Structure formats: C-alpha cells, structure tokens
Amino acid sequence: MRLLHTSDWHLGRSFHRVSLLDAQAAFLDHLVATARTREVDAVLVAGDVYDRAVPPLAAVELFDRALHRLAEAGVPTVMISGNHDSARRLGVGAGLIERAGIHLRTDPAGIGTPVVLSDAHGDVALYGLPYLEPALVRERLGAARAGHEAVLAAAMDRVRADLAARPAGTRSVVLAHAFVAGGEPSDSERDITVGGVAAVPAGVFAGVDYVALGHLHGSQTVAERVRYSGSPLAYSFSEEHHRKTMWLIDLGADGAIEAAERVDCPVPRPLARIRGRLDDLLADPALDRHEDAWVEATLTDPVRPAEPMARLTARFPHALNLVFEPERTDDGPHASYAQRLRDRTDQQIAEDFVAHVRGGAGPDGAERTVLQAAFEAVRVDAAEREVAR
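Quantities reported herein were computed from a predicted structural model and do not represent experimental measurements. (Residues numbered from 1 in each chain as written. Predicted model: local features only at pLDDT ≥ 70, side-chain atom pairs only at ≥ 80, totals over all residues. Heavy atoms only, no water.)

(A) Spatial organisation of empty space enclosed by the protein. Considering all chains together, one arrives at two cavities of 30 Å³ or more under this definition. Roughly 60 Å³ of volume is contained in the largest cavity. The set of elements that each furnish at least two residues to the lining of the largest cavity consists of helix H6 (148-164) and strand S9 (171-177). Residues of the lining of the largest cavity, tallied by class, amount to eight nonpolar, two polar and no charged. (1 Å grid on protein atoms, 1.4 Å probe; cavity = no way out; pocket = protein on both sides within 12 Å on 5 of 7 lines; lining within 4 Å. Points joined across faces, edges and corners; volume = space filled by probe spheres on them. Helix = DSSP H or I, 4+ residues; strand = E, 2+ residues; numbered from the N terminus. Nonpolar A, V, L, I, M, F, W, Y, C, P; charged D, E, K, R; others polar.)

See below:
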C-alpha cells in the first residue's frame, strides 16, 4: 500500500506579514497531483491543518477545496487535529465527510477505531491520534499520570488492543501529533511542554508498522518506522536549510517499509540569513545569489545605521526582518534584552527575575514547583479556552 504522509499545513499563516495563501494553494495543487500521478492509496495528514483555532475564511475555503479535490480523485484521506487546530471545529461534519473518503480524527474517543483500507495483501488499519493535551484527556484515556508520554502510552494501549483483535497479518499505521525524542525542532513550532518535559520516546509507538508524525517542521526519520514529514513551507528563518518534502511510503505485504521517498514541495521563494555591517552587506558580491530571496539580516554595526531597512531593500527587495547585534559580547552590559533572553524558557526567565529582585538568590525547590505549576495552569487554561471556542 502506498501512503503519502504530510503534516503541518498551517493554512492561514503568514511569513513575517507576507501572506502565504498562494504558496499554500500551490502546495495543495502539488499534493493532489502527486496523489494522482504516483497512484497513492491513502493520504495521511498528521495535524496542524490550520495555524490557529479560529482560522481566517480564506484558509477555510482553501481547505474545503483541497477536500473536494481529494474526494474527486478517489484518494482516501486520513487527517488528525494538531495543537494549533480547534479539534471541535475541524471535526464538524466528520460523519458526512467520511462518506466521501475523507476521515477526520479529532476526538480522543475514536483512537481505538481505525480507518480500514484494503489492498491485494489484506487490510491496513490506520489509527488517528489527534493532539492529546494531557490535562484535558488524562482521565478520559485512563492515563497513569499527567504528561505527554503517559497519555500517548494510554492511547497506544487502545490501538494495540484493537489491533490484537483483528485478523493475523493486519498491517497498522498510526498518525500522531507530538514531539518525539530524537526529533530536531525549529523556531516555528508552538511549545507543548508539560511539566518541563515535551519529548516522548519513540518506543511508545512500538507494535505498529508505520508512524506518521506531525508537529516538528523539519522532515526527519526518528526511526525506520517513525518519521516526520515536516511542514510543506518554511514558517521561520530557522528553517533556512530545510528541504520541504512529503514522505511517499510503500508498505509491503508483511508490513515492512519497502520504500521511503521524499517528494519535494514547491518553494515560493528561498530563505537567506545574512550577517555583517550594513555597508558590507550592500557591497558584498557573494550575496548576489540572495537578491531574490526572503532575507533576514543581522546587522553588527557598533552604532545603528540610519534607515537600515530602506537601504537594505534597495539591494534585497524581499528583505523581511532586521536583527541588531552590535559587535559586543552577548553577556556584556550593553547586550540587548532579546540577546539576554535568547534560548531561555519562560520558567528560566521567571527564575532569573526572582534572583534579580532578591539581589542574587534564586528560587528554592518549592518556589520552582510553584512557578512551574503557574505556567502549566496558564497553558492549560489557554488550551481549554480554545476547546470551548
């Protein structure tokens, strides 16, 4: 059985205020064409269909057109909700849409009920695990404790129990939206940390033939049977060197991965990060290749130049972002606020603030627990508000 694995469309998202709707439409054209020309048996969409819980109308229309075209092509499609999606909104009409071969899996209650497709070698059971917010699904799934690993383990117990009751030789595929240990993140994914731990071990998915993952935006292989497709478009400059692709997976008669091919996605415009003094960036002939790219420029001038963006766009008309990092040490007294906070979590920033107002004494163990609980409560409250919208 041939599977086309994709995820993290983030329909409706912009790139530094530049609309990506046309680029997203071009990707969906490419997806449907690939499904047709490569004779795909099923399309797998592993979450984050939209970029936010209440997407703009143009994004909804784009999604609607994509569903109609996949249904017209006769290609069964299984998709799950991700942490950016409103599961309830995405799942509206799922029962009716399923009649057209589009299977939306957004409710945790349906984790153990697969979409069953067949080929010449028998059945393939495809299980959709929507993004599981631990605080909201722990009791429903009977997880032993809070946390991503615990709720995913409970979900996979349901998958394995259903699979065990099926005829011998039934092949299995799981779609999941999670941060699996060994994956390489980028700057454009929303944090899903729970209790300071976001990553779950790949072993939690043991016992199935293929795991189609979403959430991380770089295409990568965590294990032979566990893969991220990555996002079809770059959504931050940290993805400058990503090769944006979908996975074309051939699942053999015995469940073996007979072939795994990366299918390139259309690139609307290349990304480039350049760094140096403004005058040098404007004169360097080696940067000619970036003149048609979306550019992020880090200026290292000791004194901020006059009208830097206007001067930069004279050479790089698609420059989108300016960063100022004067030629000093980051930890010096003149380091910018952004430099001092780079790569620090909210918890670490809060602990630094406590140390600052106390004159050097940071929080003790009990106080760290209180801070962690406060941040967790805020994150869970935000998730509950999205569900209730």
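Still more to cover.
(B) How the structure looks around the environment of Ala272. Mapped onto the elements of the fold, Ala272 is located in strand S15 (residues 271-276). Exposure remark for Ala272: the relative accessible area of 0% places this residue in the buried category. Note: C-alpha distance between Ala272 and Val295 (23 residues apart in sequence) is 4.9 Å. Here Ala272 is in contact with Phe237, Glu240, His290, Ala293, Trp294, Val295 and Glu296, once residues within four sequence places are set aside. (Buried < 20%, exposed > 50% of the residue type's maximum accessible area, 1.4 Å probe, protein only. Contact = heavy atoms within 4.5 Å.)

(C) Focus on the packing of helix H5 (residues 134-141) against H6. H6 packs onto H5 with a crossing angle of 40° between their chain directions and a minimal axis gap of 10 Å. In terms of their interaxial angle, H5 and H6 are classed as oblique. Crossing of H5 against H6: the hand is left-handed. Across the interface between the two elements, Pro134, Val137, Arg138, Arg140 and Leu141 from H5 touch His148, Val151, Ala154, Ala155 and Arg158 from H6. Looking at the contact of H5 with H6 residue by residue, the class counts come to six nonpolar, one polar and three charged. (Axes fitted to C-alpha atoms, helices over the stretch in contact; angles between N-to-C directions. Parallel < 35°, antiparallel > 145°, perpendicular 65-115°, else oblique. Left-handed = near helix turned anticlockwise from the far one by under 90°.)

(D) Broad picture of the nonpolar core. Ranked by size, the top nonpolar core spans 31 residues in total, and within it Leu129, Val174 and Phe205 carry the most contacts. Every element with two or more residues in this core is listed here: strand S8 (122-129), H5, H6, S9, strand S10 (210-214) and strand S12 (226-228). The leading source of residues in this core is H6, at eight residues. Excluding residues that lie within four positions of it along the chain, Leu129 makes contacts with Ile80, Ile111, Leu152, Ala155, Met156, Val159, Val174, Leu175, Ala176 and His177. Tyr50, Leu62, Ala66 and Leu248 belong to the second-largest nonpolar core, a separate cluster that totals 29 residues. (Core = buried A, V, L, I, M, F, W, Y, C linked by side-chain atoms within 4.5 Å.)

(E) Focus on unusual backbone geometry. Phi is positive for Asp8, close to 55°, though the residue is something other than glycine. Here Asp8 lies in the loop between strand S1 (2-6) and strand S2 (14-15). When its relative accessible area of 0% is taken as the criterion, Asp8 is described as buried. The residue Glu39 is not glycine, and still its phi comes out positive at about 50°. Position of Glu39 among the secondary structure elements: in the loop between helix H1 (21-37) and strand S4 (42-46). Residue classification places Glu39 among the exposed positions, given a relative accessible area of 64%.

(F) Highlighting helix H2 (residues 57-73). Relative to the 24 Å expected for 17 residues at 1.5 Å per residue, H2 spans 24 Å between its end C-alpha atoms, a close match to the ideal helical length. Inspection of H2 places Ala59, Leu62, Phe63, Ala66, Leu67 and Leu70 among the buried residues, and these make up the whole buried set. One side of H2 holds all its buried residues, which, seen down the axis, span an arc of 135°. In this structure, H2 carries Leu57 and Glu72 as exposed residues pointing more than 90 degrees from its buried face. (Expected span 1.5 Å × (residues − 1). Arc of directions from axis to C-beta.)

(G) Looking closely at the side chain of Asp8. For Asp8, which is buried and forms no salt bridge, the nearest opposite charge comes from Arg13, at a distance of 7.5 Å. There is a polar contact of 2.6 Å between the side chain of Asp8 and the side chain of Ser7. From its side chain, Asp8 meets the backbone nitrogen of His215 in a polar contact 2.9 Å long. Beyond its immediate chain neighbours, meaning those up to four positions away, Asp8 contacts Gly47, Asp48, His177, Gly214, His215, Leu216, His217, Ser231, Pro232 and Tyr235. (Lys, Arg positive; Asp, Glu negative; His and termini not counted. Salt bridge = Lys/Arg side-chain N within 4 Å of Asp/Glu carboxyl O. Polar contact = N/O pair within 3.5 Å; in protein donor to acceptor, adjacent residues only side chain to side chain.)

(H) Quick look at the sheet that holds strand S6 (residues 102-105). The strand order S6-S5-S4-S1-S13-S14 describes an open sheet built from six strands, whose pairing is mixed. Across the chains shown, the open sheet's two edge strands, defined by having one partner strand only, are S6 and strand S14 (257-264). For this sheet, the mean angle separating the axes of adjacent strands, direction not counted, is 20°. By the bridge criterion, four bridges tie S1 to strand S13 (residues 245-251) in an arrangement that is antiparallel. Paired with Arg2 across the bridge in S13 is Asp250. Packed onto the sheet, H1 meets S1, S4, S13 and S14 and runs at close to 170° relative to S1. (Pairing = 2+ DSSP bridges.)

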